[in-house]
Amino acid sequence: MADLKSTFLDVYSILKSDLLQDPSFEFTHESRQWLERMLDYNVRGGKLNRGLSVVDSYKLLKQGQDLTEKETFLSCALGWCIEWLQAYFLVLDDIMDNSVTRRGQPCWFRKPKVGMIAINDGILLRNHIHRILKKHFREMPYYVDLVDLFNEVEFQTACGQMIDLITTFDGEKDLSKYSLQIHRRIVQYKTAYYSFYLPVACALLMAGENLENHTDVKTVLIDMGIYFQVQIGTDIEDFKCSWLVVKALERCSEEQTKILYENYGKAEPSNVAKVKALYKELDLEKAFMEYEKESYEKLTKLIEAHQSKAIQAVLKSFLAKIYKRQK
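Residues numbered from 1 in each chain as written. Predicted model: local features only at pLDDT ≥ 70, side-chain atom pairs only at ≥ 80, totals over all residues. Heavy atoms only, no water.

- If you check an unreviewed UniProt entry, the chain appears there as Isoprenoid synthase domain superfamily from Arabidopsis suecica.
- Note on the chain: under the UniProt heading Function (unreviewed entry), the record states "Catalyzes the sequential condensation of isopentenyl pyrophosphate with the allylic pyrophosphates, dimethylallyl pyrophosphate, and then with the resultant geranylpyrophosphate to the ultimate product farnesyl pyrophosphate."
- Within the UniProt record for the chain, the comment given under Sequence similarities (unreviewed entry) is "Belongs to the FPP/GGPP synthase family." (UniProt positions renumbered as here; feature names shortened; annotations may be inferred.)

Details of a negative patch on the surface
Turning to step 1, where the next piece is worked out: A cluster of acidic residues, Asp145, Asp148, Glu152 and Glu212, forms a negative patch on the protein surface.
Turning to step 2, where the next piece is worked out: Among the structural elements, Asp145 can be located in helix H6 (residues 143–167).
Turning to step 3, where the next piece is worked out: For Asp145, a relative accessible area of 39% corresponds to the partly exposed category. (Patch = residues over 30% accessible without salt bridge, like charges linked within 9 Å, V, L, I, M, F, W, Y side chains within 5 Å. Areas by Shrake-Rupley, 256 points an atom, 1.4 Å probe, with all protein chains shown as cover. Salt bridge = Lys/Arg side-chain N within 4 Å of Asp/Glu carboxyl O. Lys, Arg positive; Asp, Glu negative; His and termini not counted. Charge placed at Lys NZ, Arg CZ, Asp CG, Glu CD. Helix = DSSP H or I, 4+ residues; strand = E, 2+ residues; numbered from the N terminus. Buried < 20%, exposed > 50% of the residue type's maximum accessible area, 1.4 Å probe, protein only.)

Examining the packing of helix H3 (residues 49–61) against helix H4 (residues 69–96)
Turning to step 1, where the next piece is worked out: Two numbers describe how H3 lies on H4: the axes approach to 7 Å, and their chain directions differ by 150 degrees. In terms of orientation, H3 lies roughly antiparallel with respect to H4. The element H3 and its partner H4 pack so that their crossing is right-handed. Residues Asn49, Arg50, Gly51, Val54, Val55 and Tyr58 of H3 touch H4, and the partners they reach there are Glu71, Ser75, Cys76, Leu78, Gly79, Ile82, Glu83 and Gln86.
Turning to step 2, where the next piece is worked out: Among the residues forming the contact of H3 with H4, the class breakdown is six nonpolar, five polar and three charged. (Axes fitted to C-alpha atoms, helices over the stretch in contact; angles between N-to-C directions. Parallel < 35°, antiparallel > 145°, perpendicular 65-115°, else oblique. Left-handed = near helix turned anticlockwise from the far one by under 90°. Contact = heavy atoms within 4.5 Å. Nonpolar A, V, L, I, M, F, W, Y, C, P; charged D, E, K, R; others polar.)

Given below as C-alpha cells:
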C-alpha cells in the first residue's frame, strides 16, 4: 500500500507540473506560485481514499494481472481527478457552511490573503479535471464516457448540496422538515455518487466496460455510501439532517421533542451534550447497531449475487473499508 501511495503521489507531481505549464494561459511567477500552493493545500492534503480506490478497483478487475506502467499512470490520473473534484467541492462547501477547519487545518478561505479568492480557486479546481482528462485520455475509446461520467456526478453532487443547504437553512431551523427520505436523498446525491460510485465507474470504463450494463453495481455502491454516512460527526452543531436526528424524532415523546428543538443545531458544548444524552435515553446506539447489521447483511447478499467474481471483489473491498469504521 505504501508503495502504491508513493506511486500515486508521483503522478500528482506530474499532473501538477502539467497544469502549472498549461499552454493556454500565460502564467506570471506569482500566479504559478499561488496555484501550486493552492493545489498542495487542497488536493494533496486529504486521505486520498477515493483516488487510491480507482487503482485498487482497476487492479481487482484485472484479476491479479500486473498493471503496465501506462495502466498504473492512467488509473492514478483518474484517481487524482476524483481528488480534484473533492477539493473543488470542499473549498466551496466550507465557504457556504462558514466552516473554520477542514482536515484539522484552517479552511482554505480562512488562510491569510485568501478569503473570497477561494471561490475562483474552486472554479480552477473544477476546470483542472477536464484539462487532465483531455491531455491523458483524449485518445482513449472511453474518453467521451469519462467526460460524461464526471459531468453527471458533478451535477448530482451539486443538487445534493442544494437539498442539504435549503433543508438546513440557518435562518429557519425547522426539524419538522427532516425525514429518512430527505436524509437518504441528501447523502445519496451529495456524497455517495462521487465517493463510492465514481471511483468504481472510472475503473470499469478503463477496463473496457459499458456502465449501462452495471446499474446493479451503482445501486450497491450508492447503498454503501448511504450506510457510510450514518455516523456521528459534527451533525448536532451543524443542524444536519442526520440519520440519528431523524430516528430521534420518530421515537421522541412531546417533552423529548422539545429538548431536541431547543438544543439541536447549537454549537455550545452544553447543548450538544443534551442532544447526546437524549440519543442515549432513546437507545439510538442499539438502533444504529441493528441498522448497521441489517445494512451489512443486505449489501453482502447483493454483492454475492453478482455474476462477476472480479466485480464482487471490488465491492467487497469497499465494504470492508467502511464496515464498523471508527470516526
